[in-house]
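Residue-level structure breakdown
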Amino acid sequence: MAGLRGRLIITVVVVALISAVTATALAYREARDAVLRRAQSAAVDDFRNRVERLAGDLDVPTDPRSLARFATGVSSGVRGSLVVAQYRDFTATSDPSADRSRISAELRAAVRTEDRVALQRVQYRGQPWLVIGAPVGLAAGARSGADAAKASGVEVFAVVSLAEEERDAADLVRAVPSGLLPVVLLSAVLALLAARTALRPVRRLARATRRLAEGDLSIRVEEKGRDELAELAHTFNETAGTLEHTVGELRTQEALARRFVADVSHELRTPLAAMTMVSSVLEEDADQLTPDTAQAARTVSAETAKLARLVDDLIEISRFDARAASLTVHETDVGEAVRGTLAARGWSEAVTAELPAGIRARLDRRRLDVIVANLVGNALRHGAPPVTVTLREADGRLSVEVADRGPGLAPEVARHVFDRFYKADSARTRSEGSGLGMAIALENARLHGGTIEVGAPASGPGAVFTLVIPLSPPGPGTEPRSGPGPKSPTGSGTNSPTGPGADTPTAPGADTPPGPRTDTSPSPRTDTPPGTGADTPMASAPASPPDTRPDSPLDARPDSPPGSSPSSPPRPAPAAPPVPPSAGRPTEAP
């Protein structure tokens, strides 16, 4: 706005200055011509009167002495003039040393042929001069007019200086700047007032537009007058009203859709828990069934587990959409945490890890586990070895880089890699994972004040996913914990507590080493989040218990499945054939 006001003021000042200069130039020219004409008329009148007065005393034919006396007499009556009188072959001047070249041949010819006073303005040595010429008539009683001039044969010329008049005109020019300055200042003040008046509605409209861009859809501007600015304000108000109505409808529909997903996910958890237990029983007794029935039982068990993980992922996404997700931060050795994530899923041999010791950060260990599990699982599933995990720290931020040597991601796929349920290959109607793993990983990174970047290796094929988060997460939305965080769940599993709020690195759907598992009751919960996205069938394992974490208002529902009370005896899960580790990525790389 200041730029527009400045341009308007400059334009008005320039126009005023040009107008003042033009008017001054025209006035100077007219004034100069008027001064010169007045001086010229005065000189011609003095010259004519003096010649007529002295013509009676001039004898014709005359002699050089009389002619010189006549020229001197005429010169004494004309201010500052040089008088030259010519009769036939001899010439007399009032100043014999003066230069007579200022009398041009054209003027001499005009005096000889015309019966009138002739005059001419010339420049001589940088000074203006007026040259007057006239024929001299005979004395009284003689003929007048052209015949008189011819009869006398005397021609007289006067050279009059116009330097004084030129100085007066120059003084007028020198006085112009002192008059232009007030004009410029006055025009600037008037332009400023005009700019404020004209731009005031524009400024109001600009402020309203900024507030509209910031999300205040109720903003309106006042409509005054019937000019173009008033029409613009009216159009803005109509646009803002339409936008407010449309956005309101979209927000309502979005809220209903999120509520619907959350409600459906919650309602599905109870029957899914029952289905999971039934399918687990069937899978345990599969060896006693016919081959076809056993295969069907294992398929139902695997699909039920996958559906349970999808429901858990939907609930986790609904937490982020409702801004109900929060961090439980503690001081963590990041290298040990990443190493524990790989070991818990049996990926230590398949992944090359560069995890320097001593890098510590305040973060949510459980959510870091979700992010790393998704990135590494995707690299193992869709990439090609070697898969490397590199931990770095620089400028108060830490980065976890997961790289593989697979086919990589096309640019159009990379733009959507974190979209929900996105498939790179549209021909595949069903994803191996839930399609939400990478979206949940990105939301967890953002919750820490960081992000996940997608790129390509410096050389060769492949894809590189880099988690970048600050060493200390932002304050709002965190739940600080006192004391050191849990240690890595490697080894015999000591220091891996299970209980309310425990930060275990495993999660529903994560690829854990095969072994016995027990059914856990819905309360207390072991705080195992969805979203790790590892979507391979689990070996005769029941689905995750209902999520009753107190940090999410969407999950506090009394939907305890039957048979999951604390009195239910734990059921050992038989070992299953090892399944290749995976952590679902929403993109299906070709």
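Residues numbered from 1 in each chain as written. Predicted model: local features only at pLDDT ≥ 70, side-chain atom pairs only at ≥ 80, totals over all residues. Heavy atoms only, no water.

Grouped together as the largest cluster of nonpolar side chains are 35 residues, with contacts concentrated most on V334, L398, I452 and L467. Considering every element that reaches this core, the biggest residue donor is helix α10 (residues 365-382), with 7 residues. Core analysis: the second largest hydrophobic core is formed by 28 residues, A39, I132, A134 and A158 among them. (Core = buried A, V, L, I, M, F, W, Y, C linked by side-chain atoms within 4.5 Å. Buried < 20%, exposed > 50% of the residue type's maximum accessible area, 1.4 Å probe, protein only. Helix = DSSP H or I, 4+ residues; strand = E, 2+ residues; numbered from the N terminus.)

Note: most peptide bonds trans; most residues except glycine with negative phi. Across the junction of P385 and P386, the peptide omega takes the value 0°, indicating a cis bond. As for its placement among the helices and strands, P386 is situated in the loop between α10 and β9 (387-394). Look at D395: it is not a glycine, yet its phi comes out positive at around 55°. Tracing the backbone shows D395 in the loop between β9 and β10 (397-404). The exposed category is assigned to D395, whose relative accessible area is 79%.

Tallied over the full model, the rule gives 16 salt bridges. For D45, the salt bridge is made with R48, and the minimal N-O distance between the two is 3.6 Å. Here R48 and D45 lie together in helix α1 (residues 2-55), a separation of 3 residues that amounts to about one turn. Looking at D45, the relative accessible area reads 39%, which means it is partly exposed. For R48, a relative accessible area of 33% gives the class partly exposed. Put simply, R446 and E443 hold a salt bridge, and the shortest N to O gap is 3.8 Å. Within this pair, R446 and its partner E443 are both found in helix α12 (residues 437-447), separated by 3 residues, close to a single helical turn. By relative accessible area, which is 49% here, R446 ends up partly exposed. In the salt-bridge network here, residues are joined through shared partners; they are E316, R319, D364 and R367. (Salt bridge = Lys/Arg side-chain N within 4 Å of Asp/Glu carboxyl O.)

As a further point, take the sheet that holds strand β7 (residues 351-354). Taken together, 5 strands build an open sheet; the order of strands is β7-β9-β10-β12-β11 and the sheet is mixed. In this open sheet, the two edge strands, each paired with only one partner strand, are β7 and β11 (451-455). Averaged over all pairs of adjacent strands, the angle between strand axes in this sheet comes to 15°, irrespective of strand direction. Relative to β9, β7 runs parallel, the two being bridged by 4 bridges. Considered in β9, the bridge of T352 is made with T388. Across the sheet, helix α9 (residues 334-344) is in contact with β7, β9 and β10; its angle to β9 comes to roughly 165°. α12 contacts β11 and β12 (463-470) of the sheet and is inclined by roughly 125° relative to β11. (Pairing = 2+ DSSP bridges. Axes fitted to C-alpha atoms, helices over the stretch in contact; angles between N-to-C directions. Contact = heavy atoms within 4.5 Å.)

Next up on the list: a nonpolar patch on the surface. Nonpolar side chains collect at one region of the surface, where L186, V189, L190 and L193 lie side by side and expose about 390 Å² of accessible area between them. Position of L193 among the secondary structure elements: in helix α6 (residues 176-213). (Patch = residues over 30% accessible without salt bridge, like charges linked within 9 Å, V, L, I, M, F, W, Y side chains within 5 Å. Areas by Shrake-Rupley, 256 points an atom, 1.4 Å probe, with all protein chains shown as cover.)

We now examine α10. Its 18 residues give α10 an end-to-end C-alpha distance of 26 Å, which sits within 8% of 26 Å, the value for a rise of 1.5 Å per residue. α10 sits mainly inside the fold: 17 of its 18 residues count as buried. N-cap assignment for α10: the residue whose side-chain oxygen lies 3.1 Å from the backbone N of R366 is D364. (Expected span 1.5 Å × (residues − 1). Polar contact = N/O pair within 3.5 Å; in protein donor to acceptor, adjacent residues only side chain to side chain.)

For the pair helix α8 (residues 291-321) and α12, interaxial distance at closest approach is 10 Å and the crossing angle is 35°. Note that α8 runs across α12; the crossing there is left-handed. For the pair α8 and α12, contact is made by D313, E316, I317 and F320 and by A439, I440, E443, N444 and L447, respectively. Looking at the contact of α8 with α12, its residues break down into 5 nonpolar, 1 polar and 3 charged. (Left-handed = near helix turned anticlockwise from the far one by under 90°. Nonpolar A, V, L, I, M, F, W, Y, C, P; charged D, E, K, R; others polar.)

A few words now on the environment of L327. Structurally, L327 can be placed in the loop between α8 and β6 (330-333). For L327, a relative accessible area of 0% corresponds to the buried category. A sequence separation of 36 residues divides L327 from L363, and the C-alpha atoms of the two residues are 7.6 Å apart.

What follows is about the packing of aromatic side chains. As enumerated under the stated definition, the model contains 1 aromatic pair in all. The ring of W347 has R345 lying over it, and the distance from NZ or CZ to the ring centre is 6.0 Å. (Phe/Tyr/Trp six-rings, centres within 6.5 Å; stacked < 30°, edge-to-face > 60°. Lys NZ or Arg CZ within 6 Å of the ring centre and 35° of its normal.)

Attention now goes to the confidence of the model for the chain. Residues of the chain with pLDDT of at least 70 account for 76%, and the chain-wide mean is 74. Note on residues 139-150: pLDDT under 50 across the span, and 10 contacts to partners over four residues away in sequence or across chains. Predicted confidence for residues 477-590 stays below pLDDT 50, and this span has 284 contacts to residues more than four positions away or in other chains. (pLDDT = per-residue confidence, 0-100.)

Glancing now at the sheet that holds strand β2 (residues 90-93). Read across the open sheet, the 5 strands follow the order β2-β1-β5-β4-β3; overall the sheet is antiparallel. Every other strand in the sheet has two partners, leaving β2 and β3 (118-124) as the edge strands with one partner each. The average undirected angle you get between the axes of adjacent strands in this sheet is 20°. Judged from the 7 bridges that link them, strand β1 (residues 81-87) and strand β5 (residues 154-161) form a sheet pairing that is antiparallel. Within β5, the position partnered with S81 by the bridge is V160. Along the sheet face, helix α2 (residues 64-77) touches β1, β2, β4 (127-136) and β5 and points at about 150° away from the line of β1.

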